[in-house]
Every structure is written in C-alpha cells, then in structure tokens.
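So you can see what is in the structure, the chains are spelled out below.
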Amino acid sequence: MTLQQTSTAALPRPARRRDRQRFWQEVAMIAPAVLLLAIFLITPFLLSFWTAMTNQPLVPRPTPVRFVGLLNFQRVFTDPLFWTSLWNVTRFTAWVLPVQCGLAFLTALLLHQKLPMQNLLRGMFFLPAITSMVVVCVIWGTLFQYPSGPLNQIVGFLSGGMIQPIDWLGDPDWAMFSIVLLSAWQAYGFQMIIYLAGLQGIPEELYDAARIDGASALRRFWHVTMPGLRPTHVFVLVITTIQAFKLYTQVAILTQGGPKESTETVVHYMVRAGFEEQKLGYASAVSVILFVIVLLIALLQRKLLRRFDV
C-alpha cells in the first residue's frame, strides 16, 4: 500500500466522502473544456491525418477512395514549392514578431500611464485588431498602389524625390515586407491588450518599494516591470508565432502568392491544393505537417524562454 493510499484510508469516512465529491466536482468543471477540445481540435486533427493517408478528392468521384499510406507526405516533402512556402512563412514570422510585439509592448507602456482620455486612446489603438482583415487589405492595397499611391507619395515627399516609386506588392524584394507592415499594424492591438493586462497585474507595492530604495525609472522598469511580464512575454510570443504561420488572407487578397512565389505561404499552398486542384488528401497532409511544425516551434519557444528566465 502506498503512502497516499495509507493516508486516504486513514481519513474518516466523511472526509473521504468530501474528497470524492470534490474530485467529481473538479471533473465536472473541466469536462466542458475537454469536450470542446476533443470536438474542435483533437477529432479534426485525427480526421485530417486519416484523410492525408488517402487519395480523397474534394468532390466525390466514381472511383473509390484508396488508402495510399505516406505517399501524400512524400509528395509534399519532394515539392520545391512547399519548401519555398515554408521558407516564406518562416521569414514572415521572423520579421513580424519583433515589429508587432515590440509595437504592442511600447504602446501598452504608453497607455498604462495616466493620460487624458485614456480609455478613448486604448479603443483607438485597439480598433485595427477588430477590423476585418479583408477591409484592412483593401485599404492597404490602395496605399500600396504603384506608382502614385499615397505611400509612394509620402516616401517621395520625405526623401525630396530622391527615392523612386516602389512597387510594394509587385516587387519580390518588397512584397513580403509590405505584408509584414500590414499584418503588424492590423494585429498589434491584440498583443497590446494582453500587455496592458500584464502591466495592471504587477502589484503597485513593488514600484513603491523600489522608489523608497531610490531606484530610477529605468531600474524600476528593468527589475520590476520586465520580471512581472515574463509569463506575458511567453504567451504573446507563442500566440503571435502561431498566428504568423497561419498567414493566408493578406496573401490571397493582395498577391496570390506572387510575385515569383515570394509571398507564397504554407496555408495558401494548402488551400490551392485542396480547392483549386481538388486534392483533399494532399492538402490534409500539408495541414498535418504545418500543425506539427507549429507545435514544435511553440514548445521550443517555451523551453528557450524558460531557460533564459524570460
């Protein structure tokens, strides 16, 4: 008999009954969340994995669906366009993370101060995050117009005409950078709200103690604010990475993966395979691979951030 069993057996019968009731109460409380995860996450993943092992088309055909094993995965890994799309979305993630998270963090620090019309300012900064991405893409598509769009006019004015108009969406060297700017501007409000919540969760007594000890504003920021935001940093980085790897709408509306495949992403590649080419099994294989890649990156991020005490 183990120590736990011995201690449980030693409890009076009413105490054991209360423990059992507490256990079933806890099970009842987490059951809805587990059920939703099973329905909307685990089951679709298992179905996608099974579909990826077949030659299932998008539209049913007279020929029966066959089990093809790992053939779809082999075709994905031997397709150069898949590796191009994976590189593009990795490059997008590496660019958008510091821009979007940095902008959100700085804005949260600003709005955490006691400012006039503070709530109005927070609402204004958060507004892009609740605006439809399609609407945002249409607006930024107008700004990016070549050669006489508003953005080119601003660049020409600031440079005194020394910089020629830039084909923001038609030049392979600028297309992904343009998508990064659009995406960071649209979504940083979400991370800003999370950082604001993290800042408000830091006890004010810690700042008061630091002031009494004579700590400057910079030292208070480094030794009080930053340690207090460690869990927030981890959450924001992981969530932003997951969202970045799901990049699709901006590409589908503005560039369709071009020019010269410079903005092709894994999700856009998957949608084209599934809906345009009607290879549902192949597209499912791409989705399973993307899920595993994002999961591994998220776990690696958490491990590294904990190791460096962030």
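Residues numbered from 1 in each chain as written. Predicted model: local features only at pLDDT ≥ 70, side-chain atom pairs only at ≥ 80, totals over all residues. Heavy atoms only, no water.

By the naming in an unreviewed UniProt entry, the protein is Sugar ABC transporter permease, taken from Ensifer adhaerens.

(A) The overall build of the protein, seen in detail. Helix and strand counts for the protein stand at 14 helices and zero strands. For the protein, the succession of helices and strands along the chain, N to C, is α-α-α-α-α-α-α-α-α-α-α-α-α-α. Here the C-alpha atoms of the protein give a radius of gyration of 25 Å, more than 25% beyond the 19 Å that 2.2 N^0.38 yields for 310 residues. Based on the C-alpha atoms only, the size of the protein along its principal axes is roughly 80 × 70 × 35 Å. A burial count over the protein gives 36% of its 310 residues as buried. Here the protein displays about 19100 Å² of accessible surface, and carbon together with sulfur accounts for 68% of that area. Across the protein, the mean location of the 24 positive side-chain charges is 13 Å away from that of the 15 negative side-chain charges. (Helix = DSSP H or I, 4+ residues; strand = E, 2+ residues; numbered from the N terminus. Rg over C-alpha atoms; globule rule 2.2 N^0.38 Å. Buried < 20%, exposed > 50% of the residue type's maximum accessible area, 1.4 Å probe, protein only. Areas by Shrake-Rupley, 256 points an atom, 1.4 Å probe, with all protein chains shown as cover. Lys, Arg positive; Asp, Glu negative; His and termini not counted. Charge placed at Lys NZ, Arg CZ, Asp CG, Glu CD.)

(B) View of the pattern of salt bridges. All chains considered together, the criterion is met by four salt bridges. Lys279 is paired through a salt bridge with Glu277; the nearest N and O atoms lie 3.6 Å apart. When its relative accessible area of 43% is taken as the criterion, Lys279 is described as partly exposed. Here the salt bridges do not stand alone but share partners, grouping Glu204, Asp208 and Arg211 into one network. (Salt bridge = Lys/Arg side-chain N within 4 Å of Asp/Glu carboxyl O.)

(C) Region of the structure containing the UniProt feature "domain: ABC transmembrane type-1" (unreviewed entry) in the protein. Cross-referencing UniProt, the feature "domain: ABC transmembrane type-1" (unreviewed entry) maps to residues 86-301 in the present numbering. Across residues 86-301, the secondary structure splits into 74% helix and 0% strand, with the terminal C-alpha atoms separated by 18 Å. (UniProt positions renumbered as here; feature names shortened; annotations may be inferred.)

(D) View of the side chain of Thr93. Looking at the secondary structure, you find Thr93 in helix H4 (residues 80-111). Take Thr93: its relative accessible area is 5%, and that puts it in the buried class. Contacts of Thr93, omitting those with residues within four sequence positions, involve Thr241, Ala244 and Phe245. (Contact = heavy atoms within 4.5 Å.)

(E) Looking closely at helix H8 (residues 172-200). Helix length check: H8 (29 residues) gives 43 Å between terminal C-alpha atoms against 42 Å at 1.5 Å per residue, within 8%. Of all the bends found along H8, the most pronounced is centred on Ala187 and spans about 40 degrees. Of the residues flanking the start of H8, the one acting as N-cap is Asp171, its side-chain oxygen 3.0 Å from the backbone nitrogen of Asp173. (Expected span 1.5 Å × (residues − 1). Bend = angle between axes of the 7 residues up to and from the residue. Polar contact = N/O pair within 3.5 Å; in protein donor to acceptor, adjacent residues only side chain to side chain.)

(F) Representation of the packing of H4 against helix H11 (residues 230-245) within the structure. Remark: H4 packs on H11, axes separated minimally by 9 Å, with the N-to-C direction vectors making an angle of 140 degrees. Classified by the angle their axes make, H4 and H11 are oblique. Taken as a pair, H4 and H11 cross one another with a handedness that is right-handed. On the side of H4, the interface is formed by Leu86, Val89, Thr90, Phe92, Thr93, Val96, Leu97, Gln100, Cys101 and Phe105, while H11 contributes His233, Val236, Leu237, Thr240, Thr241, Ala244 and Phe245. For the contact of H4 with H11, the per-class residue count stands at 11 nonpolar, six polar and no charged. (Axes fitted to C-alpha atoms, helices over the stretch in contact; angles between N-to-C directions. Parallel < 35°, antiparallel > 145°, perpendicular 65-115°, else oblique. Left-handed = near helix turned anticlockwise from the far one by under 90°. Nonpolar A, V, L, I, M, F, W, Y, C, P; charged D, E, K, R; others polar.)

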